[in-house]
Amino acid sequence: MRQALTLYRSSVGKKALMAVSGILLAGFVLAHMLGNLKMFQGPEAMDGYAVFLKELGYPVLPEYGVLWIARIALLAAVGIHALAAFQLWQKSRAARGAAYRKEDSQVFSYASRTMRWGGVIILLFVVYHILHFTTGTVHSDFEYASVYRNVVIGFQSVPVSLFYLVAVGALALHLYHGLWSVFSTLGVQNPKVTRIRRPLAAGLSILLFVGYAAVPVGVMAGILTLP
Amino acid sequence: MDLTLHVWRQETSSASGSFQTYKAAGVSDSMSFLDMLDLVNERITRDGGDPIAFEHDCREGICGSCGMVINGIAHGPHKMTTACQLHMRSFSDGDEIWIEPWRAKAFPVLKDLVVERAAFDRIIQAGGYISVRTGSAPDANAIAVPKPDADLAFDAAACIGCGACVAACPNASAMLFTAAKAAHLSYVPQGQTERLGRAAAMVMTHDEEGFGNCTNHGACQEVCPKGISVNYISRLNRDLLKATLTGISVG
Ligand code: HEM
Ligand code: SF4
Ligand code: FES
């Protein structure tokens, strides 16, 4: 704990905590994406998968046990990640002082320039997404535990589907820079590893985008329908 | 060639500055950027005005004093070149050129294009040295250094402390400079004893001086006149994390 606090004091340490929490979140979004693809297996598979997650660890743990452990860990990761991002953002903004009259920013990639606002979009999306498919608060016709049905009805609204596509696009862009950046942040030096970091980050972000986009696109294209 | 310059003019660090427009007439291709400014200054002086202040010393790309942002790029459009080594053949007749000082809170403007880079000195004082007894020079070959390590140390040691990395960084971070000044020691045996403590002390001083946080854009490497690689930043990060996790004082 003391070491974690010391780590948090330096800019590099804050960034390392962002990197570690970012990797955890990236692992989650990858698993979540794979889970979503159960939609293409039909209502039984999808709803069964949801039940499987609820009962994971039962009877050693109570029902929802693993689910809540994961939720708390993810919440903590998002909290650390966003707090450090916000504090470093403030520091960097103050560090520039007066702005340049003319700035030639051709050397930055679009992804690296949009990490902060992109992150804010992702955060807002996550809140909306939970209210949409987990609690059903903003869903037009939500039925508890009918996951397949809720998703199909949810994505039959074109604006909702388009918003999901924009959000997963923002996520892919964030990880295109983020998963590349973590290697520097954590000081990985091995040339065998650093050689593959660009293709790895690019490949994973494309994979995530395609995997996440498949479900709303599948509904809009009429491939995924109500039984 | 004839050029139009928009130059940042600021009396003192506390004064508020503004851009002034000057004509630079009769500039030749083979002049350096600083020669061109000298030419403009001669005319300003002849007309009884206050010449544009800019810092310079060696005029051969080794002292690091001449930095300025030229058309939005630190040290101007030519890669791996300081402003003093930039030649006017990089521009064409009729060009408009915006000239600004480095913009960073840790580099206050002293006058016009001259900034105070003492924050860099304090980062070096915090750990950019090795503790040895001085006296007669030791035998140069007494400690063997593997050739690849020696090359990497030399590449890092090429940093001239000009500050272009800070000027170009969207976060005004000085991590490229700090990393270079740590790496030229951390690749050689003499630099091992104090290695982790050095990384910690230099990064903490970097933060305290008000530089921003590196987000791995790579803008610094792009403008660095000495081609310092961002890989050194990764090495410094590693040393800092190791220092923290092994409980070495971070100041
Ligand atoms: C599912 C959610 C998220 C994932 C998977 C994720 C992942 C990552 C990863 C892997 C990094 C790289 C860390 C490094 O540079 O070493 C990163 C960096 C970053 N993230 Fe996130 N992040 C997420 C959400 C957010 C949110 C909500 C914010 C904003 C509040 C945010 C802002 C940032 C910023 C500012 C950086 C540093 C950018 C840089 O290195 O240039 N992220 N993220
Ligand atoms: S790292 Fe390059 S740009 Fe930065 S101070 Fe050193 S020489 Fe100048
Ligand atoms: S005047 Fe010395 S580097 Fe330009």
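Source: prediction; values computed, not measured. (Residues numbered from 1 in each chain as written. Chains lettered and ligands numbered in written order. Predicted model: local features only at pLDDT ≥ 70, side-chain atom pairs only at ≥ 80, totals over all residues. Heavy atoms only, no water.)

(A) Representation of the overall build of chain B in the model. Secondary structure summary: chain B contains eight helices and seven strands in total. The buried share among the 251 residues of chain B stands at 54%. A fraction of 68% describes how many contacts in chain B between residues 6 or more apart in sequence connect residues 24 or more apart. A gap of 5 Å separates the mean positions of the 21 positive and 28 negative side-chain charges of chain B. (Helix = DSSP H or I, 4+ residues; strand = E, 2+ residues; numbered from the N terminus. Buried < 20%, exposed > 50% of the residue type's maximum accessible area, 1.4 Å probe, protein only. Contact = heavy atoms within 4.5 Å. Lys, Arg positive; Asp, Glu negative; His and termini not counted. Charge placed at Lys NZ, Arg CZ, Asp CG, Glu CD.)

(B) Fine view of the overall build of chain A. Broken down by element type, chain A carries ten helices and zero strands. When its helices and strands are written in sequence order, chain A yields α-α-α-α-α-α-α-α-α-α. With the C-alpha coordinates of chain A rotated into their principal frame, the extents come out at 60 × 45 × 40 Å. Residue burial in chain A is summarised as follows: out of 227 residues, 41% are buried. In chain A, of all internal contacts separated by at least 6 residues, the share reaching a separation of at least 24 is 68%. Looking at chain A as shown, the accessible area adds up to about 12400 Å², and 71% of this sits on carbon and sulfur atoms. (Areas by Shrake-Rupley, 256 points an atom, 1.4 Å probe, with all protein chains shown as cover.)

(C) Local environment of the coordination of the iron atom of ligand 1. Residue and element names in this part refer to chain A. The coordination sphere of the iron atom of ligand 1 contains the protein donors His81 (NE2) and His174 (NE2), at a distance range of 2.0 Å. Classification of the site at the iron atom of ligand 1 as octahedral follows from its six donor atoms and the range of 86 to 179 degrees in their angles at the metal. Linking His81 in helix 4 (residues 65-96) with His174 in helix 8 (residues 158-185), this pair joins segments that are 93 residues apart in sequence. Using a relative accessible area of 15% as the deciding quantity, one classes His174 as buried. (Donors = N, O, S within 2.8 Å, 3.2 Å for Na, K, Ca; no water. Tetrahedral: all angles 85-135°; square planar, octahedral: opposite > 155°, others 65-115°.)

(D) Summary view of the sheet that holds strand 4 (residues 73-74) of chain B. All names here are of chain B. With respect to topology, five strands assemble into an open sheet ordered 2-1-5-3-4, the strand pairing being mixed. One side of each edge strand has no neighbouring strand; the edge strands of this open sheet are strand 2 (18-24) and strand 4. Here strand 1 (residues 3-9) runs beside strand 2; their pairing, made up of seven bridges, is antiparallel. Of the residues in strand 2, the one forming a bridge with Leu3 is Ala24. Here helix 1 (residues 33-46) sits on the sheet and contacts strand 1, strand 2, strand 3 (69-70) and strand 5 (96-100); the angle it forms with strand 2, its principal contact strand, is near 95 degrees. (Pairing = 2+ DSSP bridges. Axes fitted to C-alpha atoms, helices over the stretch in contact; angles between N-to-C directions.)

(E) Spatial organisation of the packing of aromatic side chains. A full pass over the atoms with the stated rule returns 17 aromatic pairs over all chains. Each ring, one from A:Trp89 and one from A:Trp117, has its centre 5.2 Å from the other, and the planes form 90 degrees; the classification is edge-to-face. Pair noted here: A:Trp89 is in helix 4 and A:Trp117 is in helix 6 (residues 115-134), with a separation of 28 residues, a long-range link. With a relative accessible area of 58%, A:Trp117 lands in the exposed category. A ring pair is formed by B:Trp8 and B:Phe19, whose centres lie 5.2 Å apart and whose planes are at 75 degrees; its orientation type is edge-to-face. Placement of the pair is B:Trp8 in strand 1 and B:Phe19 in strand 2, with a sequence separation of eleven residues. (Phe/Tyr/Trp six-rings, centres within 6.5 Å; stacked < 30°, edge-to-face > 60°.)

(F) Just the nonpolar core, in detail. Residue and element names in this part refer to chain B. Ranked by size, the top nonpolar core spans 56 residues in total, and within it Trp102, Phe107, Phe120, Val166 and Phe211 carry the most contacts. Looking at this core, you find at least three residues from each of domain 1 (3-110) and domain 2 (118-246). Residues within four places of Phe120 in sequence aside, it is in contact with Phe107, Gly161, Gly163, Val166, Ala174, Phe177 and Phe211. Counting 28 residues, the second-largest nonpolar core is a separate cluster that includes Ala24, Met31, Met68 and Ile70. (Core = buried A, V, L, I, M, F, W, Y, C linked by side-chain atoms within 4.5 Å. Domains from an automatic or database assignment.)

(G) How the structure looks around helix 5 (residues 175-186) of chain B. For helix 5 of chain B, with twelve residues, the first-to-last C-alpha span of 15 Å sits near the 16 Å given by 1.5 Å per residue. Counting buried positions over the twelve residues of helix 5 of chain B gives eleven, a clear majority of the element. (Expected span 1.5 Å × (residues − 1).)

(H) A look at the packing of helix 2 (residues 11-36) of chain A against helix 4 of chain A. All names here are of chain A. Orientation of helix 2 relative to helix 4, taken along the N-to-C sense of each, is 140 degrees, at an axis distance of 9 Å. The two elements helix 2 and helix 4 cross, and the hand of that crossing is left-handed. When helix 2 is examined against helix 4, the residues Ser11, Lys14, Lys15, Leu17, Met18, Ser21, Gly22, Leu24, Leu25 and Phe28 are found in contact with a partner set consisting of Ala73, Leu74, Ala77, Val78, Ile80, His81, Ala84, Ala85, Gln87 and Leu88. Its residues placed into classes, the contact of helix 2 with helix 4 shows 13 nonpolar, five polar and two charged. (Left-handed = near helix turned anticlockwise from the far one by under 90°. Nonpolar A, V, L, I, M, F, W, Y, C, P; charged D, E, K, R; others polar.)

(I) The pairing of strand 5 of chain B, seen in detail. Residues and elements named next belong to chain B. Along strand 5, four of the five residues are buried, which leaves the element largely enclosed by surrounding structure. By the bridge criterion, four bridges tie strand 1 to strand 5 in an arrangement that is parallel. Among the inter-strand pairings, Thr4 is bridged to a residue of strand 5, identified as Glu96. Where strand 3 meets strand 5, two bridges bridge the pair, whose relative direction is antiparallel. Residue pairing in the sheet places Val69 in a bridge with Glu100 of strand 5.

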